[in-house]
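# Coordinate inspection notes
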Amino acid sequence: MARQRLLALGLLSLGLALTLILTTVSIRVTYVTDSNGASQLLLTSESDPTRLMNLSGIQAAEGDRVYYTAFGGSLATLNIERAFTVTVEADGQEIPVKMVYGTVADALEKAGITLGPDDYTVPEQDALVGIGSKIEVHRVRYEETVEYQTIPYDTEYVYTSLYFRDTDRVTTLQAGSNGQCAVTTRHRWVDGELENSVVTDVTTTVEPTDARIKTYGAGAPVSPLTGPDGTTNPPSSYTKVLTGKATGYYSRSGKGASGLGLGYGTVAVDPDVIPYGSLLYITSTDGRFVYGYAVATDTGIALQNGHVLVDLFYETYAESVLNGAINVNVYVVG
């Protein structure tokens, strides 16, 4: 029993002595570790991280981060956070960068890669990187082109029964001409390849002019005037019907003998037979020709001597000649 007491007393004395020595010479217990699991315990007064790594045999490599922390006066730690490789693919190259922690944006900065305003990355810039991460940098540019295209003109057909004697006849009232428009297209190029094209604007630079063609139409009236029902259909009621010869005429004068204007839908009459201002509906007795609704506004010698019942106004001399002499029914509507 006495021997055991002596042994315990000796160990205690040794511990006290060691503590005194460590305190006197500032020796610390330093734990050296890395993130891969390596560790080493050092009893040393050294605090320089490089010397501590040399003493432990655990060295930092490129990109590693070294953290040294002293706790009080006799304990310290040195931890090495091992870096991993992140590959940045940009502009046809693969650039490896060493990182311990960070985002795609951090990796780009380390690789010296600058993004343009429309460039993008996969994954996105705020994504965290890890072991084996691969970052794709895609270069984007936009290009606008303007192409001039033709706007074809339309053709409007004006139908008339005046051409009943020559149904193949056509008259060009207005020649057509094509228009033009400017088409602006935005092209998106990614890594030198065309990804898509989108039309962003279409502006008409020249308006087209539609063609107007007068052609035969069975039963189509010459006059654009309408009857009491608002259509060009034959009247459903009338006061009387007069039958006689109709001729055609053309005049540069703007007004007829009544003082009313002249145009398609105005006719010359004997005012003693058909008063000025009367609304008439005129068609050939065989129905092949329809002048349509008309207003009595003018007169002439042939009308006053009874040789002609009604003289139909046309806006061109050629059409007045086509009319010739036609037997017509004149319906007095109002």
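For the structure, check the block above.
In this report, the structure presented in the accompanying data block is examined. All of these numbers come straight from a predicted model, not from anything done at the bench.

A few words now on a nonpolar patch on the surface. On the surface, a cluster of nonpolar side chains totalling about 370 Å² of accessible area is made up of Tyr 31, Leu 41, Phe 71 and Leu 75. Mapping Leu 75 onto the fold places it in strand β4 (residues 75-81).

Looking now at unusual backbone geometry. Following Val 122, the chain continues to Pro 123 via a peptide bond in cis, the omega torsion being 0°. Of note, the phi angle at Asp 91 is positive, near 55°, even though the residue is not glycine. We note that Asp 191 has phi near 55°; this positive angle belongs to a residue other than glycine. Locating Asp 191 in the fold gives a position in the loop between β12 (179-190) and β13 (193-206). You can call Asp 191 partly exposed: its relative accessible area is 40%.

Most of strand β20 (residues 326-332) sits inside the fold, with 6 of its 7 residues counted as buried. As paired strands, strand β17 (residues 279-284) and β20 are joined by 5 bridges and run antiparallel to one another. Counterpart to Ser 284 in the pairing with β20 is Val 328.

A few words on the nonpolar core. If you look at the biggest cluster of nonpolar residues, it comprises 30 residues, and the most contacted ones within it are Val 267, Ile 282, Phe 289, Tyr 291, Val 310, Leu 312 and Val 330. Residue assignment for this core shows that the elements contributing at least two residues are β15 (240-249), β16 (266-268), β17, β18 (290-298), β19 (310-313) and β20. With 4 residues, β20 is the single largest residue contributor to this core. Apart from residues no more than four positions distant in its own chain, Val 330 is found in contact with Lys 240, Val 241, Leu 242, Ile 274, Leu 280, Tyr 281, Ile 282, Leu 309 and Val 310.

Moving on, we come to the packing of aromatic side chains. Scanning the entire structure with this criterion turns up 7 aromatic pairs. An angle of 85° between the planes, with centres 5.9 Å apart, marks the rings of Tyr 291 and Tyr 314 as edge-to-face. Of this pair, Tyr 291 sits in strand β18 while Tyr 314 sits in the loop between β19 and α5 (317-323), and the two are 23 residues apart along the sequence. Taken together through their ring pairs, the aromatic side chains of Tyr 238, Tyr 281, Tyr 293 and Tyr 331 make up a single cluster. Here Arg 169 stacks its cationic end above the ring of Tyr 163, 5.6 Å away from the centre of that ring.

To continue, consider the pairing of strand β3 (residues 65-71). Looking at chain direction, β3 and β4 are connected through 7 bridges and run antiparallel. Pairing of Arg 65 across the sheet is with Glu 81, part of β4. In this antiparallel pair of consecutive strands, β3 and β4, the connection spans 3 residues, and Gly 72 shows a positive phi of 65°.

It is worth spelling out the side chain of Thr 184 at this point. Locating Thr 184 in the fold gives a position in strand β12. Since its relative accessible area comes to 14%, Thr 184 is described here as buried. Beyond its immediate sequence surroundings of up to four residues, Thr 184 is in contact with Glu 144, Thr 145, Val 146, Val 198, Val 199, Thr 200 and Asp 201.

Relative to the elements of secondary structure, Thr 226 occurs in the loop between β14 (211-216) and β15. Its relative accessible area of 40% is what places Thr 226 among the partly exposed residues. Between the C-alpha atom of Thr 226 and that of Leu 42, which follows or precedes it by 184 residues, the distance is 115 Å. Those residues in contact with Thr 226 that lie beyond four places of it in its chain are Thr 231, Thr 232 and Tyr 293.

Pairing is possible between side chains of opposite charge, provided their charged atoms come close. In the structure shown here, the tally under the stated rule is 9 salt bridges. Residue Arg 82 is joined to Asp 34 by a salt bridge in which the shortest nitrogen-to-oxygen separation is 3.0 Å. One end of the pair, Arg 82, is in the loop between β4 and β5 (84-90); the other, Asp 34, is in strand β1 (residues 28-34), and 48 residues separate them in sequence. A relative accessible area of 9% places Asp 34 in the buried class. Its salt-bridge partner being Arg 139, residue Asp 91 comes within 2.9 Å of it at the nearest N-O pair. Here Asp 91, found in the loop between β5 and β6 (93-99), pairs with Arg 139, found in the loop between β8 (134-138) and β9 (140-151); they are 48 residues apart in sequence, far enough to count as distant. Assessed through its relative accessible area of 23%, Arg 139 is described here as partly exposed.

Let us look at the sheet that holds β8. With mixed pairing, 4 strands are arranged side by side in an open sheet as β6-β5-β8-β7. Unpaired on one side and paired on the other, β6 and β7 (120-122) mark the two borders of the sheet. If you compare each strand with its neighbour and ignore which way they point, the axes differ by 25° on average. Pairing of β7 with β8, which is carried by 3 bridges, proceeds in the antiparallel orientation. Residue pairing for β8: Tyr 120 is matched across the bridge by His 138. Against the sheet, helix α3 (residues 104-111) contacts β5, β6, β7 and β8, and its axis sits at roughly 110° relative to β6.

Cut-offs applied
Residues numbered from 1 in each chain as written. Predicted model: local features only at pLDDT ≥ 70, side-chain atom pairs only at ≥ 80, totals over all residues. Heavy atoms only, no water. Patch = residues over 30% accessible without salt bridge, like charges linked within 9 Å, V, L, I, M, F, W, Y side chains within 5 Å. Areas by Shrake-Rupley, 256 points an atom, 1.4 Å probe, with all protein chains shown as cover. Salt bridge = Lys/Arg side-chain N within 4 Å of Asp/Glu carboxyl O. Helix = DSSP H or I, 4+ residues; strand = E, 2+ residues; numbered from the N terminus. Buried < 20%, exposed > 50% of the residue type's maximum accessible area, 1.4 Å probe, protein only. Pairing = 2+ DSSP bridges. Core = buried A, V, L, I, M, F, W, Y, C linked by side-chain atoms within 4.5 Å. Contact = heavy atoms within 4.5 Å. Phe/Tyr/Trp six-rings, centres within 6.5 Å; stacked < 30°, edge-to-face > 60°. Lys NZ or Arg CZ within 6 Å of the ring centre and 35° of its normal. Axes fitted to C-alpha atoms, helices over the stretch in contact; angles between N-to-C directions.

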